[in-house]
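In case you want the letters, here they are:
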Amino acid sequence: MLVRRYNPWQELNTLERHINGLFGDTRVPSARFEKGFIRVPAAELQETDDAIHLKLELPGLEAKDLDIQVTEDAVHISGERKSEAKTENNGTTKSEFYYGKFQRVIPLSARIQNTNVTADYKDGILNLTLPKSEQEKNKVVKVNLEQPA
């Protein structure tokens, strides 16, 4: 007769390995989680003394497919990546491209002059220069230190 010790943590270790297997491989998107998942463009913000520079990754889109609206404290971007009509008689096609509408609101850390925004769109990268309002540029706060008595 074989005596085997019971390890209550073994089942949790097995479950952890399964969960890590689901999320661990990020090289190829998993179709299990992609259904109904809305993709938004990746963004990069850089703030200087005079402006906020926003860079958005929008590969495969044309400028006419984008709608960009800028308020004093946020950037609203929406668009649509349209699928290409393909006719194939032989074989199958597997696509990991995302087609459809998207929208994203990016809050800004400072108030900007939304009437002076400049944009550049090249090679699927949108660059927005959002100049800060004069109030934000000249915002200096004096801190008073009280001496202990």
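A quick note: this is a predicted structure, and the numbers were derived from the prediction, not measured.

Caption draft 1: Region of the structure containing the nonpolar core. In terms of nonpolar packing, the biggest core is built from 17 residues, with L54, L56, L58, V75 and L130 touching the most fellow members. Secondary structure elements with two or more residues in this core: strand 2 (51-57), strand 3 (66-70), strand 4 (74-81), strand 5 (100-107) and strand 7 (125-131).

Caption draft 2: Layout of the pairing of strand 4. Pairing analysis gives 5 bridges linking strand 3 to strand 4, with the strands arranged antiparallel. Of the residues in strand 4, the one forming a bridge with L66 is G79. Counted between consecutive antiparallel strands, the loop separating strand 3 from strand 4 contains 3 residues. With 8 bridges joining them, strand 4 and strand 5 adopt antiparallel strand pairing. From the neighbouring strand, V75 faces strand 5, where its bridge partner is I106.

Caption draft 3: Examining the side chain of D65 more closely. Residue placement: D65 occurs in the loop between strand 2 and strand 3. Residue classification places D65 among the buried positions, given a relative accessible area of 17%. Residue contacts for D65: discarding those within four places in its chain leaves S78, G79, E80 and K82.

Caption draft 4: Fine view of the sheet that holds strand 1 (residues 43-47). Spatial ordering of the open sheet is given by 1-2-7-6, a layout of 4 strands whose pairing is antiparallel. Each edge of the sheet is formed by a strand with only one pairing partner; in this case those strands are strand 1 and strand 6 (118-122). Along the sheet, successive strands turn relative to each other by an average axial angle of 15°, direction set aside. Across 5 bridges, the pairing between strand 1 and strand 2 is antiparallel. Bridging from a neighbouring strand, E47 pairs with I52 of strand 2.

Caption draft 5: Summary view of the pattern of salt bridges. In total, this model carries 3 salt bridges according to the counting rule given. For the salt bridge of E47 with K132, the shortest nitrogen-to-oxygen distance reads 2.6 Å. Of the two residues, E47 sits in strand 1 while K132 sits in the loop between strand 7 and helix 3 (134-137), which places them 85 residues apart along the sequence. K132 sits in the buried class, given a relative accessible area of 8%. Among the salt bridges present, the one from R111 reaches E72, with a minimum N-O distance of 3.6 Å. Residue R111 is found in the loop between strand 5 and strand 6, and its partner E72 is found in the loop between strand 3 and strand 4; the two are separated by 39 residues along the sequence. The exposure class assigned to R111 is partly exposed, which follows from its relative accessible area of 36%. Look at E72 and you get partly exposed, because its relative accessible area is 39%.

Analysis parameters
Residues numbered from 1 in each chain as written. Predicted model: local features only at pLDDT ≥ 70, side-chain atom pairs only at ≥ 80, totals over all residues. Heavy atoms only, no water. Core = buried A, V, L, I, M, F, W, Y, C linked by side-chain atoms within 4.5 Å. Buried < 20%, exposed > 50% of the residue type's maximum accessible area, 1.4 Å probe, protein only. Helix = DSSP H or I, 4+ residues; strand = E, 2+ residues; numbered from the N terminus. Pairing = 2+ DSSP bridges. Contact = heavy atoms within 4.5 Å. Axes fitted to C-alpha atoms, helices over the stretch in contact; angles between N-to-C directions. Salt bridge = Lys/Arg side-chain N within 4 Å of Asp/Glu carboxyl O.

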